[in-house]
Amino acid sequence: MGARVVMKKNMGWLSVMLWLLPVASLWAGSIEVVDPWVREAPPAMQTLSAYMEIRNTGTMGKTVVGASSPMFAKVEFHESMQRAGVSTMVARDSLVIDAGSKVTLKPGGYHLMLIAPQGPRPLRAGDKVPLALHLSDGSQWVGEAEVRAVKGDTAADMHHHHAH
Ligand SMILES: [Cu+2]
């Protein structure tokens, strides 16, 4: 009886430590993510944009080679640009952040494209989206992005913004 209780306690600690492992690798990676957020979209939208500032506080350049979220089937790096007055998006394989510098993901520029929501209901302002950034050195940043409504967003705007 007593032994069983002790074992349960140990198992509890083990799962807590396993859960913390990916977070610990962030500190080794010298990557800081400031103010990650997801733009709220109409409920039927199959793609959402995530923005953030990624800082490299280390002395070596870092390359983000991928991103993922348990709440989306796929996450891609995109860059929005104007071509002959038309807004388009181009997929990027990676994002290089030089030592001591930062890259800002913001509307109209780089963004994370969250594709095919897997959740039971559409994301609304205030929801939290777990996100992971995968680096070429094998480390990763794991955190959460808050869903925010952007004043003035309409279904038509969003459709235009996300047109490939
Ligand atoms: Cu995009």
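Scroll up a little and you will see the structure.
Residues numbered from 1 in each chain as written. Predicted model: local features only at pLDDT ≥ 70, side-chain atom pairs only at ≥ 80, totals over all residues.

## Focus: the overall build of the chain
Moving on, step 1. Helix and strand counts for the chain come out as 2 helices and 10 strands.
Moving on, step 2. Reading the secondary structure of the chain in the N-to-C direction produces α-β-β-β-β-β-β-β-β-β-β-α.
Moving on, step 3. Within the chain, the proportion of its 164 residues that are buried is 21%.
Moving on, step 4. A separation threshold of at least 6 residues defines the contact pool for the chain, and within that pool the share at least 24 residues apart is 70%. (Helix = DSSP H or I, 4+ residues; strand = E, 2+ residues; numbered from the N terminus. Buried ≥ 20, exposed ≤ 12 C-beta atoms within 10 Å, placed from the backbone. Contact = placed C-beta atoms within 7 Å.)

## Focus on unusual backbone geometry
Apart from glycine, the bulk of residues carry a negative phi angle, and the bulk of peptide bonds sit in the trans form.
Moving on, step 1. With phi around 50 degrees, A84 is a residue other than glycine that occupies positive phi space.
Moving on, step 2. If you trace the backbone, A84 turns up in the loop between β4 (72-83) and β5 (86-92).
Moving on, step 3. The backbone phi angle of A116 is positive, close to 60 degrees, even though this residue is not glycine.
Moving on, step 4. Counting through the fold element by element, A116 comes out in strand β8 (residues 110-117).

## Details of the nonpolar core
Moving on, step 1. One finds V38, L48, A50, A67, L112, L114 and A145 to be the most contacted residues of the largest nonpolar core, which totals 23 residues.
Moving on, step 2. When contributions to this core are tallied by element, the ones reaching two or more residues are β1 (31-39), β2 (47-56), β3 (62-68), β4, β8, β9 (128-135) and β10 (140-148).
Moving on, step 3. Dropping the residues within four chain positions of it, A145 is found in contact with P36, W37, V38, A50, M52, V129 and L131. (Core = buried A, V, L, I, M, F, W, Y, C linked by C-beta atoms within 7 Å.)

## A few points about the pairing of β10
Moving on, step 1. Bridge count between β1 and β10: 3 bridges; the pairing is parallel. By the bridge assignment, V38 is partnered in β10 with V147. (Pairing = 2+ DSSP bridges.)

## Some words on the environment of D153
Moving on, step 1. With respect to the secondary-structure elements, D153 resides in the loop between β10 and α2 (155-162).
Moving on, step 2. In this structure, the C-alpha to C-alpha distance between D153 and P42, residues 111 residues apart in sequence, is 9.2 Å.

## Remarks on the environment of Y51
Moving on, step 1. Here Y51 lies in strand β2.
Moving on, step 2. Sequence separation of Y51 and T104 is 53 residues, and the distance between their C-alpha atoms is 7.8 Å.
Moving on, step 3. The residues contacting Y51, other than those within four sequence positions of it, are W37, L105, K106, P107 and H111.

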